[in-house]
Amino acid sequence: MKINHLVTTLLITNLLFGVACNRNGATKEQNTTQIDSLSEEEKAWKEAEAKTPAIPLNDQLNQLHTSTQEAWQQLAETDKQKFDKIDFITKEFTKVKKVNKPLLDSVITLVAEARKVRYTPQTMGDVKQLDAFDNTLNLLMDKLDRLETTTSYLKTCRECMNVFEEIRQLDNQDVVFRSRYTGAAKELNDLLKQKSKEIEALGEQYTQIKPFPLFAIE
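Note on numbering: residues in each chain are counted from 1, in written sequence order. Local features in this predicted model are restricted to residues whose pLDDT is 70 or higher, and side-chain atom pairs enter the listing and the counts only when it is 80 or higher, whereas totals over whole chains, interfaces and linings include all residues. Water and hydrogen atoms were dropped before computing side-chain values, which therefore reflect all heavy atoms in the structure.

## Here's the deal with the confidence of the model for the protein chain
A residue's pLDDT is simply how confident the predictor is in it, with values from 0 to 100. In this model, the protein chain carries a mean pLDDT of 84, and residues with pLDDT of at least 70 account for 76%. Mean pLDDT values for the elements of the protein chain range from 53 in helix α1 (residues 2-51) up to 97 in helix α3 (residues 101-117). Here residues 1-13 scores under 50 on pLDDT; set against residues more than four positions off or in separate chains, the count is 0 contacts. Numbered from the N terminus, helices here are DSSP runs of H or I no shorter than four residues, and strands are runs of E no shorter than two. Throughout, a residue-residue contact means that at least one pair of heavy atoms, one from each residue, lies within 4.5 Å.

## Structural notes on the packing of aromatic side chains
Between two aromatic rings, the relevant description is the distance of the centres plus the angle of the planes. Pairing of aromatic side chains here covers Phe, Tyr and the six-membered ring of Trp, requires ring centres within 6.5 Å, and sorts the geometry by plane angle: under 30 degrees stacked, over 60 edge-to-face, intermediate tilted. With the rule as written, the count across this model stands at 9 aromatic pairs. Between the aromatic rings of W72 and Y181, the centroid separation amounts to 5.4 Å while the plane-to-plane angle is 55°, which identifies the pairing as tilted. With W72 in helix α2 (residues 57-93) and Y181 in helix α5 (residues 159-194), the pair connects residues that are 109 residues apart, well separated along the chain. Three or more aromatic residues joined by ring pairs make a cluster, and in this case those are W72, Y119, F133, Y181, F212 and F215. We count a charge as sitting over a ring when the NZ of a lysine or the CZ of an arginine lies within 6 Å of the ring centre and within 35 degrees of the ring normal. When the ring centre of Y119 is taken as reference, the NZ or CZ atom of R118 above it lies at 4.2 Å. Directly above the ring of F215 sits R178, whose terminal nitrogen or CZ lies 5.1 Å from the centroid.

## Things to note about the packing of α2 against α5
To obtain each axis, a line is fitted to C-alpha atoms, and for helices this fit is confined to the stretch in contact; angles are then taken between N-to-C directions over 0 to 180 degrees. Between α2 and α5, the least distance of the axes is 8 Å, while the angle of their chain directions is 155°. The orientation of α2 with respect to α5, classified from their angle, is roughly antiparallel. Judged by the twist between their axes, the crossing of α2 over α5 is left-handed. Looking at the contact of α2 with α5 residue by residue, the class counts come to 22 nonpolar, 8 polar and 11 charged. Orientation categories follow fixed angle ranges, with anything under 35 degrees roughly parallel, anything over 145 roughly antiparallel, 65 to 115 roughly perpendicular, and all other angles oblique. The crossing is said to be left-handed when, going from far helix to near helix, the turn is anticlockwise and less than a right angle, and right-handed when the turn is clockwise. Any residue outside Ala, Val, Leu, Ile, Met, Phe, Trp, Tyr, Cys, Pro, Asp, Glu, Lys and Arg is labelled polar, Gly included; the first ten of those are nonpolar and the last four are charged.

## Here we look at the pattern of salt bridges
In what follows, salt bridge is the name for a side-chain nitrogen of Lys or Arg lying within 4 Å of a carboxyl oxygen of Asp or Glu. According to the stated counting rule, one finds 13 salt bridges in the structure shown. Its salt-bridge partner being D171, residue K82 comes within 3.0 Å of it at the nearest N-O pair. Here the residue K82 occupies a position in helix α2, and D171 occupies one in helix α5, the gap between them amounting to 89 residues. The structure contains a network of salt bridges with shared partners spanning D79, K82, R118 and D171.

## Things to note about α3
Working rule for helices: expected span equals 1.5 Å times residues minus one. Counted at 1.5 Å a residue, the expected span for α3 with its 17 residues is 24 Å, and the 24 Å between its end C-alpha atoms agrees. Taken residue by residue, α3 has L103, L104, S106, V107, L110, V111, A114 and V117 as its buried positions. An end-on view of α3 places all buried positions within 160° of arc, on one side of the element. Turned more than 90 degrees away from the buried face of α3, the exposed residues are P102, T109 and K116. On its buried face, α3 is in contact with α2 and α4 (127-149). We call a residue buried when its accessible area falls under 20% of the maximum for its residue type, exposed when it is over 50%, and partly exposed in between, using a 1.4 Å probe and counting protein chains only. This arc is built from the directions going out from the helix axis to the C-beta atoms.

## So, the nonpolar core
Here, the term nonpolar core denotes a set of buried Ala, Val, Leu, Ile, Met, Phe, Trp, Tyr and Cys residues that are joined through side-chain atoms within 4.5 Å. The biggest cluster of nonpolar side chains holds 46 residues, and the ones touching the most others in it are L61, I89, F93 and Y181. Residue assignment for this core shows that the elements contributing at least two residues are α2, α3, α4 and α5. In contact with I89, other than residues within four places in its own chain, are L144, L147, C160, V163, F164 and I167.

## Remarks on the packing of α4 against α5
Direction vectors running N to C along α4 and α5 enclose 155°, while the axes themselves pass 11 Å from each other. By the angle between their axes, α4 is roughly antiparallel relative to α5. Remark: the crossing between α4 and α5 carries left-handed chirality. On the side of α4, the interface is formed by L130, F133, D134, L137, M141, L144, D145 and E148, while α5 contributes F164, I167, R168, D171 and R178. Each residue belonging to the contact of α4 with α5 can be placed in one class, and the counts come to 7 nonpolar, no polar and 6 charged.

## A short note on the state of the cysteines
In what follows, a disulfide is any cysteine sulfur pair within 2.5 Å. Overall, the coordinates contain 1 disulfide when judged by the stated rule. What pairs with C157 in a disulfide is C160, and their sulfur atoms sit 2.2 Å apart. Here the S-S torsion is close to 95°, and the disulfide linking C157 with C160 is therefore right-handed.

## Things to note about the side chain of T136
Within the secondary structure layout, T136 lies in helix α4. On the accessibility criterion, T136 (12% relative accessible area) is buried. With sequence-adjacent residues up to four places away left out, T136 is seen in contact with L110, E113, A114 and V117.

Dropping the structure here:
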């Protein structure tokens, strides 16, 4: 009985060992295949990039200059729309009988302050100035949330619910547009610095393109 039991145990052990080996072999083979596949893909991308004709310098300048300008305009337009929509909310909430008047007044005050301290091309590189605007805006958004959640306004202004959501979306877009502006501006500024002599040869149209200011970084 003991001998049969021992034989059975050895057979099962060998079987399991064989399965494990097969699995390990299959895994190694699969990993090797994946690595080879990634290597081939990377090689294909590099070959494609090498075959892609270089963009002429004047086209690079035009594209980057346009992208930077558009991103800056998006930033300005986003803030304008956001403040205008908050003005709409505060105007509508003055009609609500049980509104928290001190909270509403503080929202109105913060909107005016945010407009006043908003960065410009001349001040965006100043950490204190940029922080003053961002901190004011953060406080404004917090108080606006409190105003919405603590006020029964739907009977007076059903449209306000959608406007609150639009304000939040506009506020979230600010991060995206800042990143987009910074990326384009840095790339343009680097190109202006690295290719200064070549740009001079392109003529006055391109020598008039100047570096764009960048946001302050703490």
